[in-house]
Amino acid sequence: MSGWTTLAEAQTMDAADPLRAYRDRFTLPEGLIYLDGNSLGALPRATPARVAAAVEAQWGHDLIASWNKHGWIEAPVRLGARIAPLIGAGADEVIVADSTSANLFKLIVAACQAQPDRTTILTEPGNFPTDLYIAQGIADLLPGRQVRTVPVGEIAAAIDGDTAVVMLTHVHYKTGAMLDMASLTMAAHAKGALILWDLSHSVGAVPVDLVGCDADMAVGCGYKYLNGGPGAPAFLYVAGRLHGRLRSPMTGWMGHRAPFDFGDDYAPGEGMAPFLCGTPPILGMAALDAGLDTFDGVSMAEVTAKSRSLSALLIAGIEQRCAGAGFTLVTPRDPATRGSHVSVAHPHAWEVCQALIARGVVGDFRAPEVLRLGLTPLYTSHEDVWRAVEMIAEVMETEAWRDPAYAERAAVT
Ligand SMILES: *Cc1c(COP(=O)(O)O)cnc(C)c1O
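Residues numbered from 1 in each chain as written. Predicted model: local features only at pLDDT ≥ 70, side-chain atom pairs only at ≥ 80, totals over all residues. Heavy atoms only, no water.

Looking at an unreviewed UniProt entry, one finds the protein named Kynureninase and attributed to Sphingomonas dokdonensis. What UniProt states about the protein under its Sequence similarities (unreviewed entry) heading is, verbatim, "Belongs to the kynureninase family." (UniProt positions renumbered as here; feature names shortened; annotations may be inferred.)

## Some remarks on the domain arrangement of the protein
Per the domain assignment, the segments of the protein are domain 1 (7-30 + 299-407) and domain 2 (49-293). Across the contact, 24 residues belong to domain 1 and 17 residues belong to domain 2. Of the roughly 1,500 Å² buried where domain 1 meets domain 2, counting both sides, 57% is carbon and sulfur surface. Taken together, domain 1 and domain 2 are joined by zero salt bridges. Between domain 1 and domain 2 we count eleven residue pairs in polar contact (both at pLDDT 80 or more) in total. Here the side of domain 1 that touches domain 2 gets four residues from one element, more than from any other, and that element is helix 10 (residues 300-321). Within the side of domain 1 that touches domain 2, the residues separate by chemical class into eleven nonpolar, nine polar and four charged. (Domains from an automatic or database assignment. Contact = heavy atoms within 4.5 Å. Buried area = accessible area lost by both parts, 1.4 Å probe. Salt bridge = Lys/Arg side-chain N within 4 Å of Asp/Glu carboxyl O. Polar contact = N/O pair within 3.5 Å; in protein donor to acceptor, adjacent residues only side chain to side chain. Helix = DSSP H or I, 4+ residues; strand = E, 2+ residues; numbered from the N terminus. Nonpolar A, V, L, I, M, F, W, Y, C, P; charged D, E, K, R; others polar.)

## Some remarks on the nonpolar core
Ranked by internal contacts, the top residues of the largest apolar core, which has 85 residues, are I87, I108, W197 and L210. Take this core: its biggest share by element is seven residues, from helix 5 (residues 100-114). Taken domain by domain, the makeup of this core includes at least three residues from each of domain 1 (7-30 + 299-407) and domain 2 (49-293). Other than its neighbours up to four places away in sequence, W197 contacts L168, T169, H170, L179, D180, M181, L184, T185, A215, M217, A218 and V219. Residues A10, L314, A325 and A349 belong to the second largest nonpolar core, which totals 36 residues. (Core = buried A, V, L, I, M, F, W, Y, C linked by side-chain atoms within 4.5 Å. Buried < 20%, exposed > 50% of the residue type's maximum accessible area, 1.4 Å probe, protein only.)

## Quick look at the UniProt feature "binding site: pyridoxal 5'-phosphate" (unreviewed entry) in the protein
With numbering matched to this structure, UniProt assigns "binding site: pyridoxal 5'-phosphate" (unreviewed entry) to T100, S101, F128, P129, T130, D131, T169, D198, H201, Y223, W253 and T279. Across 180 residues in sequence, these annotated residues place their C-alpha atoms as far as 30.4 Å from one another, rather than forming a single compact spot. Topologically, T100 is positioned in helix 5. Sequence-distant contacts of T100, that is, excluding residues within four places in its chain, are made with D198, S200, V219, G220, C221 and A234. Along the chain, T169 falls in strand 7 (residues 163-169). Within the structure, the side chain of T169 is placed 2.6 Å from the side chain of N127, a separation counted as a polar contact.

## What about the UniProt feature "modified residue: N6-(pyridoxal phosphate)lysine" (unreviewed entry) in the protein?
Within this numbering scheme, the UniProt entry marks K224 as carrying the feature "modified residue: N6-(pyridoxal phosphate)lysine" (unreviewed entry). By the secondary structure assignment, K224 is in the loop between strand 9 (217-220) and strand 10 (235-238). By relative accessible area, which is 6% here, K224 ends up buried. With near-sequence residues (within four places) excluded, K224 lies in contact with G37, N38, S39, G41, S200 and H201.

## Some points on the site of the ligand
Of all residues adjacent to the ligand, which total 13 residues, the nearest are S101, D198, H201, Y223 and K224. The contact in question runs from a nitrogen atom of the ligand to an N or O atom on the side chain of D131, over 3.0 Å. Burial of the ligand by the protein amounts to 87% of the accessible area it has alone, namely 390 Å². Every element with two or more residues in the shell around the ligand is listed here: helix 5 and helix 6 (129-141). The residue inventory of the shell around the ligand, partitioned by class, reads three nonpolar, seven polar and three charged. (Near = heavy atom within 4 Å. Areas by Shrake-Rupley, 256 points an atom, 1.4 Å probe, with all protein chains shown as cover.)

## Considerations on the sheet that holds strand 7
With mixed pairing, the seven strands of this open sheet are ordered in space as 4-10-9-8-7-5-6. Both outer strands of the open sheet, strand 4 (94-96) and strand 6 (146-149), are each paired with one neighbouring strand and no more. Averaged over all pairs of adjacent strands, the angle between their axes in this sheet comes to 20 degrees, without regard to strand direction. The pairing of strand 9 with strand 10 spans four bridges and is classified as antiparallel. Within strand 10, the position partnered with M217 by the bridge is V238. On top of the sheet, helix 5 reaches strand 5 (120-123), strand 7, strand 8 (194-198), strand 9 and strand 10; it is set at about 165 degrees to strand 9, its chief contact. Sitting on the sheet, helix 6 touches strand 5, strand 6, strand 7 and strand 8, and the angle it makes with strand 6 is about 145 degrees. (Pairing = 2+ DSSP bridges. Axes fitted to C-alpha atoms, helices over the stretch in contact; angles between N-to-C directions.)

Right under this line is the structure:
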């Protein structure tokens, strides 16, 4: 196909890739092209031994002494400090706790309660479902509060004196569009509103500068590009200038100033501590720690450059090699406004996705008609992308996706 890259050209790109050695930090099944690291990051090679050590040597041998002896009690703070440089935050502004959903709850309520005269949680329609659902639950819980959704291009203009918090996802889970954090944060502050960024599809894949953008709050996932494993603990960020002013509604004992005084009355701890709630999940933290090790020595500028190179190749492949197959590019064409996955719409996206998975090319499907292909700079190669494009072309040309076996829906897509 004229114009479309050759395999040799893709391999030349890989040879020049400064991140190519990092693929060895992961265990990927032979022959599989895994394009779903934005949904569940691959298994780091070091994780099984790390988790086994936490289970056998720590839990098994040292039992409860491990809380002190192995620093278990410090894990939320220690891992938060490891995530901080990936998102442009101070080490004492990030803590690891709970799920992204629970952390959204804590921060949206905190923002609303810090601004009792403002009634609105402002977000975009089509935001990630849990973000919308949590906001809706809070509006039911707090008298007089409401959720307002406005198309993302109109958000800045919609912020007003009634906006308590603007809640946005930095890289959209479905479209892959990346928002301008600096300008939207400035727009929120100009109207006296707080802003909360969901970094689930950003952290570890695209540049994020929370402090540089003067962002107020953020949350994000541990199991996507951070490779922390299924259901890994999540993180939250609160700007240092808001510590003490934003109060978590989940006043669990781990956020108390002195949990082991066992007093009857709640008193919040310092810094990010009040955003902890219960006992940290140590086995999940061990796996997340090993996931974060995969970023040791990695330049985020090189991660960004590779993400853009991979997504540009994939977009070119779909448009040139798969022209006429009925795909519509959903992801923005400008690399500065897209994250690290490429989404294409197709009326039979579900079936196409299943046919690809059956052939060892793993992407995913988002209703109603999006095929999502995630590009993880630490382990996806240009050759992977090239082979994936060839497989997509084959599935479309042969109409292999029409096999009725691919029409059956699973519980998790
Ligand atoms: C993946 C994702 C979540 C997931 O939240 P959980 O509580 O971990 O299930 C939330 N928000 C966004 C934007 C996501 O992409």
